[in-house]
Amino acid sequence: MNTEKEAFLKEFGNDYGYPNAPFNIDQMTASQFKRLDGLVYLDHAGSTLYSESQMEAVLKDLTTRVYGNPRILSCTINLRNSQSDASMATCDIVREARQQVLEHCNASPKDYKCIFTSGATAALKLVGEAFPWSSQSNFMYTMENHNSVLGIREYALDRGASAFSIDIDDAGHHGGGFRSTSPSIKVSQHLIQRRNQVRFPEEVLTGSTHNLFAFPSECNFSGVRFNLDLVNIIKEDAERILTGPSMLKGCWMVLIDAAKGCATKPPDLSKYPADFVVISFYKLFGYPTGLGALIVRSEAAKMLKKTYFSGGTVASSIADIDFVKRRDGIEEQFEDGTISFLSIASIRHGFKLLNSLTISAISRHTSLLSTYVRKQLLALRHENGAVVCMLYGGFSSELCNELGPIVTFNLKRPDGSWFGYREVEKLASLSRIQLRTGCFCNPGACAKYLGLSHLDLLSNIEAGHVCWDDYDIIHGKPTGAVRVSFGYMSTFEDAKKLIDFIVNSFVSLPHQSGQVHLPRSIPYSSEVKFYHEDFTELRSSLRL
């Protein structure tokens, strides 16, 4: 064992490598992830890896069991004895899978239901489509949100609701307040967006107003974990942070995007009773893809208004007249068509693996690796003393008081100019290190942490920059960042190889003062222009 790992274990050894699990981290990687074969995989926020034993169990299931369409049972009443054994057995497995999902978030089946979807994005879309928006409703969301959450804004605005983002500026105990154990907070509200202020006729009749607040349990850009006290504050004491009579009408409901956070720190819904929580299974244990879940509070589900019906969601319908009777069960109402029952049957093997390690141990293991990398990156200096690395997401407040297993950064040259993140990514790939670059579908967090104004963003678009392109530096500023993220099978060696790669490729040391770095793949030019005539009007509306 080298001295660096000895020092690492001296500081973190109690939480590294699952000392209380049936196998340690080295045994796990040697037996379950042989396919890596020296590849350093550091994109677990994008998708984690499935284990070999997990897939062997899935394959054994599929080759030794007969699975039938469980929707046959849900379309038949009081005919269970006449149903096929295969369909009945599959229905039982699906029921058990729902329970496992609820248990992962400590959600009581009396209060919550698990609706399977084609992914976390589909779960978010379901909420946006079915939420009871009105012209008096508000959609409030933190700047740090995935595009799939921001897309809910379209449904809100189309129904005449207002939408706005917020930044959590400060948090702390100020005495008294909401409750002695909960923090007080300050938020800054961004521009209120409203597309259609026409009042819909049915609003006069119902008189009800529902508002929705959305935030991630963990920001997929920075790794910042939001304190889930936000749930209780918004639901029970919204007037503490919101101003204006329109913000205080009706009731506030809360949506947590836990697609990233559930892998290492799932929300405890017994303490923080959010109305909607979305989950992605390939981010939990790598397989299956194309499957997610919406955990919905039963009372909240009753307020959702679904328009479309399909096979499996109706008790009866008549083809040639306007008649349909929908099913009573919450899951049955919202799971259109045949659910992905083979994928659902496979998630129990993923949960079995996570439970053998325990989520708390996974959280500690991955967090200490990210802590180690942050410390190492912050200590790097060029030969002239200039800082090498700019880290994002290092602020601390009571409602954003933890960092998950994500480290996001950009690298600087000795003269203070930036290395492009695409250059970092391509050189990392040549060194067999898999990481992620860009804005990670989180434009609000990207702009916030990189300090990009509306004018900067519009100028970048005019220059031709779009998601996933190679324009990583425009007008001397980064348009995105480098992100590394750790999973339950990540090792100290993975973290060390990353640091060694950065030192060898990007740090100017005294004996390397004459080093010439590889040329950028996309030359920087401040003169590149791509004109959109719409920007003049947009700039004017933003008062830039």
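Placed above this text is the structure.
To start, this report covers the structure provided alongside it.

Rules of the game
- Residues numbered from 1 in each chain as written.
- Predicted model: local features only at pLDDT ≥ 70, side-chain atom pairs only at ≥ 80, totals over all residues.
- Heavy atoms only, no water.
- Buried < 20%, exposed > 50% of the residue type's maximum accessible area, 1.4 Å probe, protein only.
- Helix = DSSP H or I, 4+ residues; strand = E, 2+ residues; numbered from the N terminus.
- Pairing = 2+ DSSP bridges.
- Axes fitted to C-alpha atoms, helices over the stretch in contact; angles between N-to-C directions.
- Parallel < 35°, antiparallel > 145°, perpendicular 65-115°, else oblique.
- Left-handed = near helix turned anticlockwise from the far one by under 90°.
- Contact = heavy atoms within 4.5 Å.
- Nonpolar A, V, L, I, M, F, W, Y, C, P; charged D, E, K, R; others polar.
- Phe/Tyr/Trp six-rings, centres within 6.5 Å; stacked < 30°, edge-to-face > 60°.
- Lys NZ or Arg CZ within 6 Å of the ring centre and 35° of its normal.
- Disulfide = S-S within 2.5 Å.

### What to know about the pairing of strand S2 (residues 112-117)
1) Next: Counting buried positions along S2 yields five of six residues, so the element is predominantly enclosed.
2) Next: Sheet topology places S2 next to strand S11 (residues 292-297); six bridges connect them, and they run antiparallel. The residue bridging Phe116 from the neighbouring strand is Ala293, located in S11.

### As for the packing of helix H1 (residues 3-12) against helix H15 (residues 359-379)
Packed helix pairs are specified by the crossing angle of their axes together with the interaxial distance, meaning the distance between the axes.
1) Next: Here H1 crosses H15 at 125°, and the two axes come no closer than 12 Å. Regarding the angle of H1 to H15, the classification is oblique. Seen from above, H1 lies across H15 with right-handed handedness. Of the residues in H15, those in contact with Phe8, Glu11 and Phe12 of H1 are Leu368, Leu369, Thr371, Tyr372 and Lys375.
2) Next: Classifying every residue of the contact of H1 with H15 by side-chain character gives five nonpolar, one polar and two charged.

### Focus on the sheet that holds strand S18 (residues 436-438)
1) Next: The strand order S14-S16-S21-S18 describes an open sheet built from four strands, whose pairing is antiparallel. Strands at the two margins of the open sheet, each flanked by one partner only, are strand S14 (389-392) and S18. Going from strand to strand, the sheet's axes swing by 30° on average, the running direction of each strand aside.
2) Next: The pairing of S14 with strand S16 (residues 406-411) spans four bridges and is classified as antiparallel. Residue pairing in the sheet places Tyr392 in a bridge with Thr408 of S16.
3) Next: Contacting S16, S18 and strand S21 (481-485), helix H16 (residues 421-430) runs over the sheet at an angle of about 165° to S18.

### Observations regarding the packing of aromatic side chains
1) Next: A full pass over the atoms with the stated rule returns 20 aromatic pairs.
2) Next: Taking the centre distance of 6.2 Å and the plane angle of 25° together, the rings of Phe281 and Phe285 count as stacked.
3) Next: Among the residues examined, Phe281 registers a relative accessible area of 0% and is labelled buried.
4) Next: Classification of Phe285 by relative accessible area gives buried; the value is 0%.
5) Next: Consider the rings of Phe419 and Phe506, whose centres lie 4.9 Å apart with planes at 75°: the pair is edge-to-face. With Phe419 in the loop between S16 and H16 and Phe506 in helix H19 (residues 492-506), this residue pair connects regions lying 87 residues apart in the sequence.
6) Next: With relative accessibility at 0%, the residue Phe506 sits in the buried group.
7) Next: Each member of the aromatic cluster is reached from another via a ring pair, and the members are Phe8, Phe12, Tyr16, Tyr372 and Phe492.
8) Next: Between the NZ or CZ atom of Lys412 and the centre of the ring of Trp418, over which it lies, the distance is 4.7 Å.

### Quick word on the state of the cysteines
1) Next: All told, the structure shown has one disulfide when counted by the stated rule.
2) Next: Linked covalently through their sulfurs, Cys439 and Cys446 form a disulfide whose S-S length is 2.0 Å. Looking down the S-S bond of the Cys439 and Cys446 bridge, the torsion is -45°, so its handedness is left-handed.
3) Next: The class for Cys439 is partly exposed, based on a relative accessible area of 23%.
4) Next: Just so you know, Cys262 is unpaired, no disulfide at all, and the nearest cysteine sulfur is the one on Cys105, 3.9 Å from it.

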